[in-house]
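What the coordinates show
Okay, here's what each chain looks like letter by letter:
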Amino acid sequence: MVSIDPILLTLLMFGAMLTLMFFGVPLAWTLMGVGVGFGYWIWGADSLGIMLPSVFGLMNEFILVALPLFILMGMILERSGIADGLFEMIYKIMGSVRGGLGMGTVVICALIAAMVGITGAATVSLGLIALPAMLKRGYSKQLSAGAIMAGGALGFLIPPSLVMILYAFLTRESVGKLFAAGIMPGLMLAGIYMLYIGIRCHFNPALGPPIEASERIGGWDKVKALKAVVLPGALIFVVLGTMAAGVASPTEASALGASGAMLCALAHGRLNLTMLNSALFSTARIMGMLMWIMIGAVIFSKIYIALGAGQAIVGQIMAAELSPYLVLTVILLSYLVLGMFLDDSAILFITVPLYVPIIKALGFDPIWFATLFVLAMQSAYLTPPFGYNLFYMRSVAPPEVTTGDLYRSVVPFLAMQILGIVLIVMFPQIALWLPELIFD
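What counts and how
- Residues numbered from 1 in each chain as written.
- Predicted model: local features only at pLDDT ≥ 70, side-chain atom pairs only at ≥ 80, totals over all residues.
- Heavy atoms only, no water.
- UniProt positions renumbered as here; feature names shortened; annotations may be inferred.
- Helix = DSSP H or I, 4+ residues; strand = E, 2+ residues; numbered from the N terminus.
- Buried < 20%, exposed > 50% of the residue type's maximum accessible area, 1.4 Å probe, protein only.
- Contact = heavy atoms within 4.5 Å.
- Areas by Shrake-Rupley, 256 points an atom, 1.4 Å probe, with all protein chains shown as cover.
- Lys, Arg positive; Asp, Glu negative; His and termini not counted.
- Charge placed at Lys NZ, Arg CZ, Asp CG, Glu CD.
- Core = buried A, V, L, I, M, F, W, Y, C linked by side-chain atoms within 4.5 Å.
- pLDDT = per-residue confidence, 0-100.

The name given to the chain in an unreviewed UniProt entry is TRAP transporter large permease protein, with Halomonas urumqiensis as the source organism. According to the UniProt record, the Sequence similarities (unreviewed entry) comment for the chain is "Belongs to the TRAP transporter large permease family." UniProt lists a comment for the chain under the heading Subcellular location (unreviewed entry), and it reads "Cell inner membrane".

And the structure:
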């Protein structure tokens, strides 16, 4: 066995990983290659005794059954026509208000997040439906695109969030508590976005003018328009309500959600073999990618932990007697920087095995930290140059909306994301109140 300083080992392992990723090596092979390579270097063939049981143990994780079912639920709903119906409802109910379509778009994004759990679904759907409709009615390009991209990122926070499930898998925290912790911050951020849009359009109506008087409808017609929210509302209630009440585990709730998504598609006349085949293929492709990443991450983290490097880092930080909030600030800043270049799954598997032990040693609640992590990932999806929601929107935006418009549109929403992080750091009960109420 080779003896090596844990701090140097940390620098070598993470340096090798970042170098391979810089040269375009896929994340799964990067994590696996670095883990296997360093394990063999330190222990030789004996390192297989650490890696193989860990990989087989991954395959027995029951919670991971929820992943393909929630993904399938999202894929079906994305193709079911629900987003069209929801935007039509918002158009009728809120179109007469200054900025109403922008505020309503954020509401739709929150609803889609609560049904789908995949951030790209809301961004792409509303980029195709809501953005042309708002631009046609004189809405600002930047305000419209920013509202859709920021609202689409709510899928990270509002359950069923796939990132929360993966975080639970890595940290052994309760998925139910993590889901509950994301609800209030998600609604808070949605409210902040809507308030911002409403205030800006109140003082500058040209940014989001109301629809023409000839297109407006009366009170009873607005009530009838609410029927579009019945199916989505029922699905959200079944998935989240059964978990909160303890009737169903996350895995069982995901099965209910996938079944409910098929019923929603059937109700909209979109359920057919072609659509189902497309949804299943997309689910298999996404799940296959995630499983290989998880295998690589398990190998990397098990080798890293077995070498004692993580404990040494925690010991160094505790010995330095730094302010816990200073350490937390550095961690959150590192997330914002990493988010400019990596996607959420890469950041999750790279940093959680290193950061969570530090957070626990400093006395912070890991459920609370999970909320901060997910908020940081929302910001990562909006941060140039490689924010994924920027790419999603670019792929569906009309030609008159330039890449520069998209970059400028996210600046105020990024500021609101950071405000949300600050508020949850200052007032942890925003995240912790609901999980404590339901589970404690």
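Read on for the rest.
1. Thoughts on the overall build of the chain
Each helix and strand counted, the chain has 22 helices and zero strands in total. Taken along the three principal axes of its C-alpha coordinates, the chain extends 80 × 45 × 45 Å. Considering the chain as a whole, with its 440 residues, one finds that 55% of them fall into the buried category. Put simply, 80% of the contacts in the chain that link residues at least 6 apart link residues at least 24 apart. Carbon and sulfur atoms make up 70% of the accessible area of the chain, which totals about 18200 Å². Side chains of the chain carry 19 positive and 19 negative charges; the gap between the two charge centres is 13 Å.

2. Quick look at the nonpolar core
Counting residues in each nonpolar core, the largest one holds 156 residues, and the members touching the most others are Met294 and Tyr335. When residues of this core are assigned to their parent elements, the largest contribution, 15 residues, is made by helix H14 (residues 273-306).

3. Regarding the confidence of the model for the chain
Across the chain, the average pLDDT comes to 81, with 91% of residues at 70 or higher. Looking at the elements of the chain, mean pLDDT is at its lowest for helix H15 (residues 309-320), recorded as 64, and at its highest for helix H21 (residues 411-426), recorded as 92.

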